[in-house]
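Understanding the architecture of this molecule
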Amino acid sequence: MSARILDGREIARDIRADTALRVAELTAKAGIVPHLVVILVGGNPASRVYVENKIRACAEVGIRSTLVTLDPGIAAQDLIAEIERLNRSPDVHGILVQLPLPPHHDIQAVLRAISVHKDVDGFHLYNVGGLVVGRTIFSPCTPYGVMRMLDHAGIPVEGRNVTIVGASNIVGKPMALMMMARDATVSVCHAKTRDLAQYTILADILIVAAGVPRLIGAQMVRTGAVVIDVGINRDPQGRLQGDVDFDAVRERASYITPVPGGVGPMTVTMLLVNTVSAAERIAEGGRALMLPEQPDGGPGRLTGRPGADAA
Ligand code: GUN
C-alpha cells in the first residue's frame, strides 16, 4: 500500500479562497476590513519567519495586518498595557502574541490579557477551557487545521482510535479535546510514555506533534492508518523534516501528510479563518452572549455566534 497524500497546500488554497470571499463580503456589506495585530517580542529568527508568513498570508486574502515589534527587554506590565490598548481599539479584530516570549514574561498572564473576543490563536484560558465543554470561541489553529484536513478528505473520526504523540498546550492537549468532542477514543502520549509503539500501533488516526525527527517508523504504524505529522524539524543540512519517517510510513498508511506542505499551511490558514470570524462577529454586533467576567478585569461581554469556530 502506498498512502494517499493529504496535501495541506491544496486544502489551504481552497479555504483561503473562501476566506477571501468572506473578507470581500464583510467589506462590501459592513465596511469592515478584518485587522490582525501580531506582537513579536525580540528577534528570535524562527519566530520572525513564522510571523512574516502570517503577515504574507493575511495580505493574500485581503486581511489587514500590523506587526508590532517590541524590545526583548520590555517590562511585563508594558507588554500587557500594549495588549490592553489593542483590546480597546475598535479597528483591531485579532491579536496574536508570537511565542515563545523572553523568560521574564509569564506566558499565561500575557495570553489571559488578550480579549477573548480577539484571541484568534485560541490560547486564552477561556478558549482553552471552552474546548472541554464545547463552548470555545476560537479553536487553536494547528488542531483546527488538522480537523479541517480530515474533514476535507472525508476521513471519519467518530468511534475511531486516535493516538496523539505530544501533549503540548498548543497542539496535543487541544487536539485531544477536539477529538473527544467528535466521539473519538483518544490516547495521549508524551515524553514519559513507556512503550510508545504499544499506543501508536492501535491508532486508526495517528497525530504526531513531538518535535523529534523521525520518531515514528513504519513498524509503529497500523496498516491502513491515517498519519498526521505536525513536526517541523531541521536536519543537519537545514532541510525541513517531520516527526514521521515519511518514506517508510507511507508504505503502511492509507493517508499521510508531508513535511513541508502538510499541516503547516493549514495552521496559518486557520489563523486567517479565525481573524475573519472575529471581524464578522463584531459586525454582527447585536446578538450578545454573556460570559463570566474575565479574572483580569477584561470585558466579560462577548458579541456574536457562540462556538461558531468550534471544530
Ligand atoms: N509559536 C509557535 N507556534 C505558535 C502559534 O501557533 N501561535 C503563536 N502565537 N506562537 C507560536
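Attention here is on the structure that accompanies the text. Since the model is a prediction, treat every value here as computed from it, not as a measurement.

Here we take up the pattern of salt bridges. With the rule as written, the count across this model stands at ten salt bridges. Between Glu60 and Arg16 there is a salt bridge; the shortest N-O distance is 3.4 Å. Of this pair, Glu60 sits in helix α2 (residues 45-61) while Arg16 sits in helix α1 (residues 8-30), placing them 44 residues apart in sequence. Judged by its relative accessible area of 55%, Glu60 is exposed. Each of Arg160, Asp204 and Arg222 takes part in salt bridges that share partners, so that together they form one network.

Moving on to unusual backbone geometry. Cis rather than trans, the peptide bond between Leu99 and Pro100 has omega equal to 5 degrees. For Pro100, the location among the structural elements is in the loop between β4 (94-97) and α4 (107-113). Of note, the bond from Val259 into Pro260 is cis; its omega dihedral lies within 30 degrees of zero at 0 degrees. Looking at where Pro260 falls in the secondary structure, it is placed in the loop between β11 (255-256) and α10 (263-284).

Core analysis: the biggest nonpolar cluster contains 51 residues, and Leu150, Met179, Ile207 and Ile228 have the highest contact counts within it. Here the element with the most residues in this core is α10; it accounts for nine residues. Residues within four places of Leu150 in sequence aside, it is in contact with Ile155, Val157, Met179, Ile205, Val226 and Ile228.

Reading across from one edge, β1-β11-β8-β7-β5-β6 is the order of the six strands in this open sheet, with parallel pairing throughout. One side of each edge strand has no neighbouring strand; the edge strands of this open sheet are β1 (4-5) and β6 (185-189). Bridging between strand β5 (residues 161-165) and β6 involves five bridges; their strand directions are parallel. Across the sheet, residue Val162 finds its bridge partner in β6, namely Val186.

The rules we used
- Here the residue index of a chain counts from 1 through its sequence in written order.
- Whole-chain, interface and lining totals are the exception, using all residues; otherwise, since this is a predicted model, local features are given only for residues with pLDDT of at least 70 and side-chain atom pairs are given and counted only at 80 or more.
- Side-chain figures throughout are based on the complete set of non-hydrogen atoms in the structure, without hydrogens or water.
- One speaks of a salt bridge when a side-chain nitrogen belonging to Lys or Arg is within 4 Å of a carboxyl oxygen belonging to Asp or Glu.
- Numbering goes from the N terminus for both helices and strands, where a helix is a DSSP run of H or I of at least four residues and a strand is a run of E of at least two.
- Each residue's exposure class comes from its accessible area (1.4 Å probe, protein chains only) as a fraction of the maximum for that residue type: buried when under 20%, exposed when over 50%, partly exposed otherwise.
- Only buried Ala, Val, Leu, Ile, Met, Phe, Trp, Tyr and Cys residues count toward a nonpolar core, and they belong to the same one when joined by side-chain atoms within 4.5 Å.
- Note on contacts: a residue pair is in contact if any heavy atoms of the two residues lie within 4.5 Å.
- Any two strands with at least two DSSP-identified bridges between them are counted as paired.

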